[in-house]
Amino acid sequence: MSDLQERQLALHEKNAETTAEKSFALVQRKAAALANSNVVPAEYKGNLSNCMVAMEMAERTNSSPLAVMQNMHIIHGRPSFSSAFIIGALAQSKRFSTLNYEMFGDEGGADRGCYAYATCKETGERLESPKITMAMAKAEGWSTKKGSKWLTMPELMLRYRAAAFFGRLFAPDVMLGMHMSEEVQDIKPSIAPSEVVLDINADLGLSEHTESGTESLSASKEVIEAEVIDIDEEI
């Protein structure tokens, strides 16, 4: 490489670095303006970092930052979005016709189910999501949790879950790994290691008040904590 080429390359890298710094500074200023607003949700007021995350998600989903802020929720430590936002993102992609839902089975029965369908605008093909049924909701533990919406509004939940499956199957680049808030709520929280240790030792009849019991508790705790890590990975 000649001296001229080296100078040109160095100048190009410097310009790229300067452009990146200016771009980041611009994002920070925009985030600061949002953080100082009185109309953003409480999680974003005065929180520059959260605002920047919302702006990143807005860019990836071709949405406005305010729309992301109003529809993104943190449940069990996981970011999730309202069902209406995700369905809207699918519609905004303009790849499909309007998303429709086909209900089947006896209302109120275990065979009651739904699948979402739409037509691909590019190929004209009819696309259908996997079928979601109340039997599946029970088997997966979605409808057995205390306060589950599957018990009070099953028809709506069937449609929401079918829409989520449709998006993940036919538009993964639009979904970008997003989960509906209802999906995340249906995920069982991880079991605390300390709770598992106490249950195991109680079953084994070990006493925490004796020296031998304390040693057994400590040894069991190490084993159980390792098992909990495996459980979390599976979830």
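First, a word on what this report is: a plain description of the structure on this page. Being a predicted model, the structure only gives us computed values, none of them experimental.

So, the pairing of strand E1 (residues 72–75)
- The pairing of E1 with strand E2 (residues 78–81) spans four bridges and is classified as antiparallel. In the sheet register, Ile 74 faces E2, and the bridge partner there is Pro 79.
- Following E1, the chain reverses through two residues before pairing antiparallel with E2; His 76 in that reversal takes a positive phi of roughly 55°.

Regarding the packing of aromatic side chains
- Inspection of every chain in the model, using the stated rule, returns six aromatic pairs.
- Between Phe 81 and Phe 85, the aromatic rings sit 5.2 Å apart at their centres with planes inclined by 20°, giving stacked as the arrangement. Assigned by exposure class, Phe 81 and Phe 85 land together as buried.
- Members of the aromatic cluster, connected to one another through ring pairs, are Phe 96, Phe 166 and Phe 170.
- In this structure, Lys 131 is placed above the aromatic ring of Phe 104, and the distance from its NZ or CZ to the ring centre is 5.4 Å.
- Looking at Arg 161, its charged tip hangs above the ring of Trp 142, at a distance of 4.3 Å from the centre.

Points about the pattern of salt bridges
- As enumerated under the stated definition, the model contains four salt bridges in all.
- Between Asp 173 and Arg 95 there is a salt bridge, and its shortest N-O distance comes to 2.3 Å. With Asp 173 in helix H8 (residues 172–175) and Arg 95 in the loop between helix H4 (83–92) and strand E3 (100–104), this residue pair connects regions lying 78 residues apart in the sequence.
- Residue class for Asp 173 comes out partly exposed when judged on its relative accessible area of 42%.
- With a relative accessible area of 33%, Arg 95 lands in the partly exposed category.
- Salt-bridge contacts for Arg 126 lead to Glu 128; the nearest nitrogen and oxygen are separated by 2.8 Å.
- We classify Arg 126 as partly exposed; its relative accessible area is 41%.
- Assessed through its relative accessible area of 36%, Glu 128 is described here as partly exposed.

Structural notes on H4
- Buried within H4 are the following residues: Ser 83, Phe 85, Ile 86, Ala 89 and Leu 90.
- Contacts made by the buried residues of H4 are with helix H2 (48–61), helix H3 (65–71), E2, helix H7 (154–170), H8 and helix H9 (181–186).
- Just downstream of H4, Lys 94 is the residue with a positive phi angle, here 60°.

Observations concerning unusual backbone geometry
- Located in the positive-phi region is Lys 94, a residue other than glycine, with phi close to 60°.
- Locating Lys 94 in the fold gives a position in the loop between H4 and E3.

Description of the nonpolar core
- The biggest cluster of nonpolar side chains holds 41 residues, and the ones touching the most others in it are Val 68, Phe 81, Trp 150 and Phe 166.
- Looking at this core, the elements with two or more residues in it are helix H1 (3–35), H2, H3, H4, strand E4 (113–119), helix H5 (134–139), H7 and H8.
- Among the elements that take part in this core, H7 stands out by supplying six residues, more than any other.
- Filtering out sequence-adjacent residues up to four positions away, Phe 166 remains in contact with Leu 90, Phe 96, Leu 99, Ala 116, Tyr 117, Ala 118, Leu 127, Glu 128, Ser 129 and Ala 171.

So, H7
- Helix length check: H7 (17 residues) gives 24 Å between terminal C-alpha atoms against 24 Å at 1.5 Å per residue, within 8%.
- Looking at H7, one finds that the buried residues are Glu 155, Met 157, Leu 158, Arg 161, Ala 162, Ala 163, Ala 164, Phe 166 and Gly 167.

Description of the packing of H4 against H7
- Direction vectors running N to C along H4 and H7 enclose 40°, while the axes themselves pass 10 Å from each other. Viewed along their axes, H4 and H7 adopt a mutual orientation that is oblique. H4 and H7 meet at a crossing whose hand is left-handed. The segment H4 lies against H7, with Ser 83, Ile 87 and Leu 90 engaging Tyr 160, Ala 163, Phe 166 and Gly 167.
- Each residue belonging to the contact of H4 with H7 can be placed in one class, and the counts come to five nonpolar, two polar and no charged.

Some thoughts on the environment of Leu 99
- Topologically, Leu 99 is positioned in the loop between H4 and E3.
- Taking C-alpha positions, Leu 99 is 7.9 Å from Ala 163, a pair spaced 64 residues apart along the chain.
- Here Leu 99 is in contact with Leu 90, Ala 116, Tyr 117, Ala 118, Ala 163 and Phe 166, once residues within four sequence places are set aside.

Cut-offs used in this document
Residues numbered from 1 in each chain as written. Predicted model: local features only at pLDDT ≥ 70, side-chain atom pairs only at ≥ 80, totals over all residues. Heavy atoms only, no water. Pairing = 2+ DSSP bridges. Helix = DSSP H or I, 4+ residues; strand = E, 2+ residues; numbered from the N terminus. Phe/Tyr/Trp six-rings, centres within 6.5 Å; stacked < 30°, edge-to-face > 60°. Buried < 20%, exposed > 50% of the residue type's maximum accessible area, 1.4 Å probe, protein only. Lys NZ or Arg CZ within 6 Å of the ring centre and 35° of its normal. Salt bridge = Lys/Arg side-chain N within 4 Å of Asp/Glu carboxyl O. Contact = heavy atoms within 4.5 Å. Core = buried A, V, L, I, M, F, W, Y, C linked by side-chain atoms within 4.5 Å. Expected span 1.5 Å × (residues − 1). Axes fitted to C-alpha atoms, helices over the stretch in contact; angles between N-to-C directions. Parallel < 35°, antiparallel > 145°, perpendicular 65-115°, else oblique. Left-handed = near helix turned anticlockwise from the far one by under 90°. Nonpolar A, V, L, I, M, F, W, Y, C, P; charged D, E, K, R; others polar.

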